[in-house]
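# Examination of the molecular architecture
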Amino acid sequence: MLNASLSPSSTELVINVLAMVLNEGKPLDRAYSHHFSGLKLAPAEQARITSVAGDLLRRLNLYCYLADMKPQEMEREGTRLLNAWHLFHELELPKLQYALPVEPEAFQRRLVEAKAIPALYDGCPQWLDELGQAQIGDEWPAERAALAMAPKRYLRTNLLKCTRDELQQKLLREGVQTQVVAGVDTALEVTSDSALFRTECFKQGLFEQQDAGSQLVAAAVDAKPGMRVIDACAGAGGKTLSIAAQMQGKGRLLAMDVEQWKLDSLKQRARRAAAHNVETRIIASSKTIKRLKLTADRVLLDVPCSGLGVLKRNPDAKWRDTPERLPVLVQLQKEILQSYSRMVKVDGMLIYATCSIMPEENRQQVDEFLNANPHFSFIDDETISVADSGFDGFYLARMKRVSES
């Protein structure tokens, strides 16, 4: 992806995407959707644009330092940033009619300076570096460097419709190359630039695009056919659909969320996946939870979090108001864990999960909950390390209800 210069039109698209993210505060996926809408880009070219824009956002402070500019100057000085990016990757500068130059000697001097500051070279803002050092200590430098890498593309096989081997062969016939992911029974890694959502395999509901780490979180639910399972923070339902496959479509799977549009999206995905046992329910008030007290064999709480384990995939989060939001999120996690745990029946299992690698949101939350709720016992937990796995970073903990109260 990063072995050739951008064309002038692709350079302009990258700058427009970055400007929308940085100046308007739009999420990266929404910026892509806005700027790609109506364009007939070849899959390889679209993949290249997203690859370059993603790399620029993952290490934005580094590239801005090398270009001697500020992120807020993107619309006015974006060509300078792209020139610095090309110089960093030792690529020929794009042939743009109006381009702000980067003086090579100044660039080389600043590159030497940046290499002496590991956090800057890894594209890590100061607040995140301080948080990572405080929370995970000696493990942080490896995680920080891993979070600066490009994410891989993973698929989850829909076992309601096919096996992983069958999916791999069907995709290959459509020109999509994949390889099996060790340790994740449902996962394939995509190794080509194919347009996945244009394939017949996707239209037939044979797969969902889902990180392998996220698939491990869903697998930890260990749902069985005939169970009553609640995914209480379902969102658009990636993990819900994985759980439906575990249940072989038998039993009751209730997907809940506070936002109706996410549940509407989940309904569409469930139909395509043939996940017929999925029901959706909006959480309108605390009464919604109270009515389900002591009813579920499994409750998954994939709670709102900082997203600091998935910065490879959502690098724009580095440059938002995460430091100010973190205490609010931690308090919200506590409230959800305390309230929603009421839905687990005796001998049922509660699975708490985040897409963060910070203990404050993870094991510390679980320990605090267990101390306050002796009617739950600890089973096990796992932090899916970005550095060790190559996946996105996640945390999961499993707890059992041993009595009603």
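One can find the structure itself at the top, above this paragraph.
Residues numbered from 1 in each chain as written. Predicted model: local features only at pLDDT ≥ 70, side-chain atom pairs only at ≥ 80, totals over all residues. Heavy atoms only, no water.

### Notes on the overall build of the chain
- When helices and strands are counted, the chain shows 18 helices and 11 strands.
- Over its C-alpha trace the chain gives a radius of gyration of 22 Å, about what one expects of a compact globule, namely 22 Å for 405 residues.
- Based on the C-alpha atoms only, the size of the chain along its principal axes is roughly 70 × 50 × 35 Å.
- The buried share among the 405 residues of the chain stands at 53%.
- Accessible area for the chain stands at about 18400 Å²; split by element, carbon and sulfur atoms hold 49% of it. (Helix = DSSP H or I, 4+ residues; strand = E, 2+ residues; numbered from the N terminus. Rg over C-alpha atoms; globule rule 2.2 N^0.38 Å. Buried < 20%, exposed > 50% of the residue type's maximum accessible area, 1.4 Å probe, protein only. Areas by Shrake-Rupley, 256 points an atom, 1.4 Å probe, with all protein chains shown as cover.)

### Brief notes about unusual backbone geometry
- Backbone geometry at aspartate 68 places phi at a positive 55°, although glycine is not the residue there.
- Checked against the element boundaries, aspartate 68 lands in the loop between helix H4 (60-67) and helix H5 (74-88).
- One non-glycine residue, glutamine 248, lies in the positive phi region at around 55°.
- Tracing the backbone shows glutamine 248 in the loop between helix H13 (238-246) and strand E6 (252-257).

### So, the environment of arginine 325
- With respect to the secondary-structure elements, arginine 325 resides in helix H16 (residues 322-340).
- By relative accessible area, arginine 325 is classed as partly exposed at 34%.
- Taking the C-alpha atoms as reference points, arginine 325 and arginine 228, 97 residues apart in sequence, are found 34 Å from one another.

### Some thoughts on the pairing of strand E7 (residues 278-282)
- Where E6 lies against E7, 5 bridges are found, and the strand directions are parallel. Note on E7: the bridge partner recorded for methionine 256 is arginine 281.
- Since E6 and E7 lie parallel, the crossover through helix H14 (residues 260-273) that links them has a hand, and here it is right-handed. (Pairing = 2+ DSSP bridges. Right-handed = clockwise from strand over helix to strand, strands pointing away.)

### Here's the deal with the side chain of asparagine 61
- Topologically, asparagine 61 is positioned in helix H4.
- On the basis of relative accessible area, asparagine 61 is assigned to the buried category, the value being 19%.
- Sequence-distant contacts of asparagine 61, that is, excluding residues within four places in its chain, are made with Leu120, Gly123, Cys124, Pro125 and Trp319. (Contact = heavy atoms within 4.5 Å.)

### Description of the sheet that holds strand E10 (residues 376-384)
- Taken in spatial order, the 7 strands line up as E7-E6-E5-E8-E9-E11-E10 in an open sheet, and their pairing is mixed. The open sheet is flanked by E7 and E10, the only strands paired with a single partner. Each neighbouring strand pair of the sheet contributes to a mean axis angle of 15°, computed without reference to strand direction.
- Pairing geometry for strand E5 (residues 228-231) and E6, over 4 bridges, is parallel. (Axes fitted to C-alpha atoms, helices over the stretch in contact; angles between N-to-C directions.)

### Brief notes about the nonpolar core
- Val14, Leu18, Leu56, Leu66 and Leu81 are the most contacted members of the largest nonpolar core, which totals 38 residues.
- At the level of secondary structure, the elements contributing two or more residues to this core comprise helix H1 (8-24), helix H2 (28-36), helix H3 (43-58), H4, H5 and helix H6 (104-115).
- Counting residues per element, this core draws most heavily on H1, at 8 residues.
- Here valine 14 is in contact with Leu6, Ile49, Val52, Ala53, Leu56 and Leu82, once residues within four sequence places are set aside.
- Residues Val184, Ala212, Leu253 and Ala270 belong to the second largest nonpolar core, which totals 34 residues. (Core = buried A, V, L, I, M, F, W, Y, C linked by side-chain atoms within 4.5 Å.)

### Concerning the pattern of salt bridges
- As enumerated under the stated definition, the model contains 22 salt bridges in all.
- With a closest N to O distance of 3.1 Å, arginine 76 and glutamate 77 form a salt bridge.
- Its relative accessible area of 59% is what places arginine 76 among the exposed residues.
- One salt-bridge network, in which partners are shared between bridges, spans Glu73, Arg76, Glu77 and Arg80. (Salt bridge = Lys/Arg side-chain N within 4 Å of Asp/Glu carboxyl O.)

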